[in-house]
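Observations on the model geometry
Below, each chain spelled out in residue letters.
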Amino acid sequence: GANVTAINFTAQAASIAVDVNVSKDQSTKSTTVATAAFSTKSTNELLLAFVAATASLSGTNTTVSSVTGGGLPWVLVRRTNIQRGTAEIWRTFAPATLTNVTVSATLSQNVTSSMTVMSFTGVNTTGISGSGAIGATGTGNANPGAPTASLVTTKANSLVIGVGNDWDKATARTVGANQTLVHQYLA
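Residues numbered from 1 in each chain as written. Predicted model: local features only at pLDDT ≥ 70, side-chain atom pairs only at ≥ 80, totals over all residues. Heavy atoms only, no water.

So, on to the overall build of the protein. When helices and strands are tallied, the protein shows zero helices and six strands. Element order for the protein, N to C, with α for helix and β for strand: β-β-β-β-β-β. C-alpha extents for the protein along the principal axes are approximately 75 × 35 × 25 Å. In the protein, the share of contacts with a sequence separation of at least 24, taken over all contacts with a separation of at least 6, comes to 74%. A total accessible area of about 11,000 Å² is found for the protein, and carbon and sulfur atoms account for 50% of it. (Helix = DSSP H or I, 4+ residues; strand = E, 2+ residues; numbered from the N terminus. Contact = heavy atoms within 4.5 Å. Areas by Shrake-Rupley, 256 points an atom, 1.4 Å probe, with all protein chains shown as cover.)

See below:
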């Protein structure tokens, strides 16, 4: 019931860290893409699924109709499919560790695709299905050329991460200073 004296401490902000990073490139046209089995090491992890898919020759834009896996509820964070194909981010939150799970995305068309699933520790655990860990979102497109986008983060030391799709050219991309390329599929 009293203050303790002569004790010094320094508070440190929890840092976001990557636990799982698994990718699947679906080179055969299909309406699904699924990861290999993976396990998480910690409780309270944010999982993000980054899906990029081409478009059918009909010109109809592709979308991801659902993401499933781990027995968790997945929610769409952001989609851009203004041009042919789609680039989407889906999220969920795992309060318990996951063991030997896969994640699948169902696509609106029979197309080639790529999906990367990453899990993060040290995130904001409030909200539903990981909503507290998601700050600002945005999209970008370009015709012609590589897309550009800008984003103002909502908190200091934010992690900015994204997914893209180039439906007409398999061009290797080079990231800028202080950026990391997680996965690249050149179909």
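That covers the picture; the talk isn't over yet.
Pairing of strand S4 (residues 75–80) with strand S5 (residues 86–94), which is carried by five bridges, proceeds in the antiparallel orientation. Within S5, the position partnered with Arg79 by the bridge is Glu88. Joining the antiparallel neighbours S4 and S5 is a turn of five residues, in which Gly85 adopts a positive phi near 90 degrees. (Pairing = 2+ DSSP bridges.)

Right, let's talk about unusual backbone geometry for a bit. A positive phi angle is found at Asn44, which is not glycine, with a value near 55 degrees. Considering the arrangement of structural elements, one finds Asn44 in the loop between strand S1 (17–34) and strand S2 (45–53). A relative accessible area of 33% means that Asn44 is categorised as partly exposed. Even without a glycine there, the phi angle at Asn100 is positive, about 55 degrees. Its place among the elements puts Asn100 in the loop between S5 and strand S6 (103–121). The exposure class of Asn100 is exposed, given its relative accessible area of 57%. (Buried < 20%, exposed > 50% of the residue type's maximum accessible area, 1.4 Å probe, protein only.)

The residue Thr80 is located in strand S4 in this model. Looking at Thr80, the relative accessible area reads 14%, which means it is buried. For the pair Thr80 and Asp25, spaced 55 residues apart in the sequence, the C-alpha separation amounts to 19 Å. Excluding anything up to four places from it in sequence, Thr80 contacts Gly85, Thr86, Ala87, Thr139, Gly140 and Asn141.

Here we take up the nonpolar core. Nonpolar side chains in soluble globular proteins generally cluster together in the buried interior. Residues Phe38, Val67, Trp74, Met115 and Val117 are the most contacted members of the largest nonpolar core, which totals 22 residues. Where this core is concerned, the elements lending two or more residues are S1, S2, strand S3 (64–69), S5 and S6. The greatest single-element share of this core, amounting to six residues, is contributed by S6. In contact with Val67, other than residues within four places in its own chain, are Ala49, Trp74, Trp90, Val103, Ser104 and Ala105. One finds Leu48, Val77, Met118 and Val123 within the second-largest nonpolar core, a separate group that totals nine residues. (Core = buried A, V, L, I, M, F, W, Y, C linked by side-chain atoms within 4.5 Å.)

Attention now goes to the environment of Arg91. Relative to the assigned elements, Arg91 resides in strand S5. Separated by 23 residues in the primary sequence, Arg91 and Ser114 have C-alpha atoms spaced 16 Å apart. Here Arg91 is in contact with Leu46, Leu47, Leu48, Pro73, Trp74, Val75, Val77, Ile128, Ser129, Gly130, Ser131 and Ile134, once residues within four sequence places are set aside. In terms of polar contacts, Arg91 uses its side chain to reach the backbone carbonyl oxygen of Ile128, at 2.9 Å. (Polar contact = N/O pair within 3.5 Å; in protein donor to acceptor, adjacent residues only side chain to side chain.)

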